[in-house]
Amino acid sequence: MNMKMQSVGFKVDSKLEAFINQKLKKLEKLDSTITGYDVKLNVDKSSTKENKIVEVKIKVPGSELFAKKKSTTFEEAADLVSEALRTQILKYKEIKSNK
């Protein structure tokens, strides 16, 4: 698996990177054809506490899956992204198997 992580305006600590990596590795169990991930972490400049944004693009043969979630922590946003991508992967596999 090839993972590129980009953070905008701050440096990601190793714990957060390991947490996100662990979440994404679990998705590989759903579909072994995943070839890579592009992860982008950002902090929204809004005044709300829900300003941590995690975006993930998954590369699969012939397609890309994408999810973007905002929360009070990067870990919570990563959880939400992981769940959204899990649903997309299952739909992708269902469509692929029906062809």
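Read on for a plain summary of the structure.

Definitions and cut-offs
Residues numbered from 1 in each chain as written. Predicted model: local features only at pLDDT ≥ 70, side-chain atom pairs only at ≥ 80, totals over all residues. Heavy atoms only, no water. Phe/Tyr/Trp six-rings, centres within 6.5 Å; stacked < 30°, edge-to-face > 60°. Helix = DSSP H or I, 4+ residues; strand = E, 2+ residues; numbered from the N terminus. 1 Å grid on protein atoms, 1.4 Å probe; cavity = no way out; pocket = protein on both sides within 12 Å on 5 of 7 lines; lining within 4 Å. Points joined across faces, edges and corners; volume = space filled by probe spheres on them. Nonpolar A, V, L, I, M, F, W, Y, C, P; charged D, E, K, R; others polar. Expected span 1.5 Å × (residues − 1). Buried < 20%, exposed > 50% of the residue type's maximum accessible area, 1.4 Å probe, protein only. Contact = heavy atoms within 4.5 Å. Salt bridge = Lys/Arg side-chain N within 4 Å of Asp/Glu carboxyl O.

### Side note on the packing of aromatic side chains
Throughout the structure, instances matching the rule amount to 1 aromatic pair. Seen from their ring centres, Phe 10 and Phe 74 are 5.3 Å apart, and the 25° between their planes marks the pair as stacked. Highlighted residues: Phe 10 in the loop between strand 1 (2-7) and helix 1 (14-28) and Phe 74 in helix 2 (residues 74-98), separated in sequence by 64 residues.

### Quick look at empty space enclosed by the protein
Tallied over the full model, the rule gives 1 cavity of 30 Å³ or more. Size it by volume and the largest cavity reaches roughly 40 Å³. Lining the largest cavity are Ile 20, Lys 23, Leu 24, Val 54, Val 56, Ala 78, Val 81 and Ser 82. In terms of residue class, the lining of the largest cavity is made up of 6 nonpolar, 1 polar and 1 charged.

### Topic: helix 2
If you check helix 2, its first and last C-alpha atoms are 36 Å apart, about what 25 residues at 1.5 Å a residue would give, namely 36 Å. Every buried residue of helix 2 is listed here: Phe 74, Ala 77, Ala 78, Val 81, Ser 82, Leu 85, Ile 89 and Tyr 92. Elements that come into contact with the buried residues of helix 2 comprise helix 1, strand 2 (36-43), strand 3 (52-60) and strand 4 (63-71).

### Some thoughts on the pattern of salt bridges
Enumeration according to the criterion identifies 6 salt bridges in this entry. With a shortest N-O distance of 3.2 Å, Lys 59 and Asp 38 are connected by a salt bridge. Of this pair, Lys 59 sits in strand 3 while Asp 38 is found in strand 2, placing the two residues 21 residues apart along the sequence. Lys 59 gets classed as partly exposed once you look at its relative accessible area, which sits at 25%. The salt bridge involving Asp 44 is made with Lys 70; its shortest N-O contact spans 2.8 Å.

### Things to note about the environment of Ala 77
On the secondary structure map, Ala 77 appears in helix 2. Looking at Ala 77, the relative accessible area reads 0%, which means it is buried. Remark: the alpha-carbon pair of Ala 77 and Glu 50, spanning 27 residues in sequence, is separated by 9.4 Å. Setting aside anything within four residues of it in sequence, one finds Ala 77 in contact with Lys 52, Val 54, Lys 69, Lys 70 and Ser 71.

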